[in-house]
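Notes for the structure review
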Amino acid sequence: ATVTATVPGRLRTPEKRRQMTAGRIRSYNAAARPLVSSSGMDVLDMHRLAQGSGDSADGIHYSNQTYDLAVQAWLNAAAPEPARSSASLGPFSWSGCS
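This structure is a prediction, so every number in the text was calculated from the model and none was measured.

Rules and cut-offs
Residues numbered from 1 in each chain as written. Predicted model: local features only at pLDDT ≥ 70, side-chain atom pairs only at ≥ 80, totals over all residues. Heavy atoms only, no water. Helix = DSSP H or I, 4+ residues; strand = E, 2+ residues; numbered from the N terminus. Buried < 20%, exposed > 50% of the residue type's maximum accessible area, 1.4 Å probe, protein only. Contact = heavy atoms within 4.5 Å. Areas by Shrake-Rupley, 256 points an atom, 1.4 Å probe, with all protein chains shown as cover.

Moving on, we get to the overall build of the protein. The secondary structure content of the protein amounts to 5 helices and 0 strands. Start at the N end of the protein and walk to the C end: the helices and strands fall as α-α-α-α-α. Looking at the protein residue by residue over its 98 residues, the buried ones come to 32%. The long-range share in the protein, meaning contacts at least 24 apart out of those at least 6 apart in sequence, stands at 58%. Element-wise, carbon and sulfur atoms account for 57% of the exposed surface of the protein, whose accessible area totals about 6100 Å².

Below, the structure is given as structure tokens:
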């Protein structure tokens with residue numbers, strides 16, 4: 001999975017605000033995506049699922065609703081191809097999750 005988007009104004013410590021920058025997250029996700037993909041696994045794009053949801057109390061972790069959506073996307077990705085092709089992620093596409 002990729003690292004979720006952060007909400008800088010909600011990060012609770014100066015160290016987290018320095019370390020959890022959008023640029024660092026983009027760099028990590030850019031490096032992680034090809035590594036995970038090369039192993040034959042689908043990449044669950046948590047950044048895209050969480051971005052803009054605004055439901056993070058601490059700036060990093062999201063509500064159960066966001067994580068439930070991630071689990072559903074992961075289960076859909078694990079389904080056999082015929083089920084997968086007809087599955088919907090709402091506003092999200094398979095290209096964003098693989």
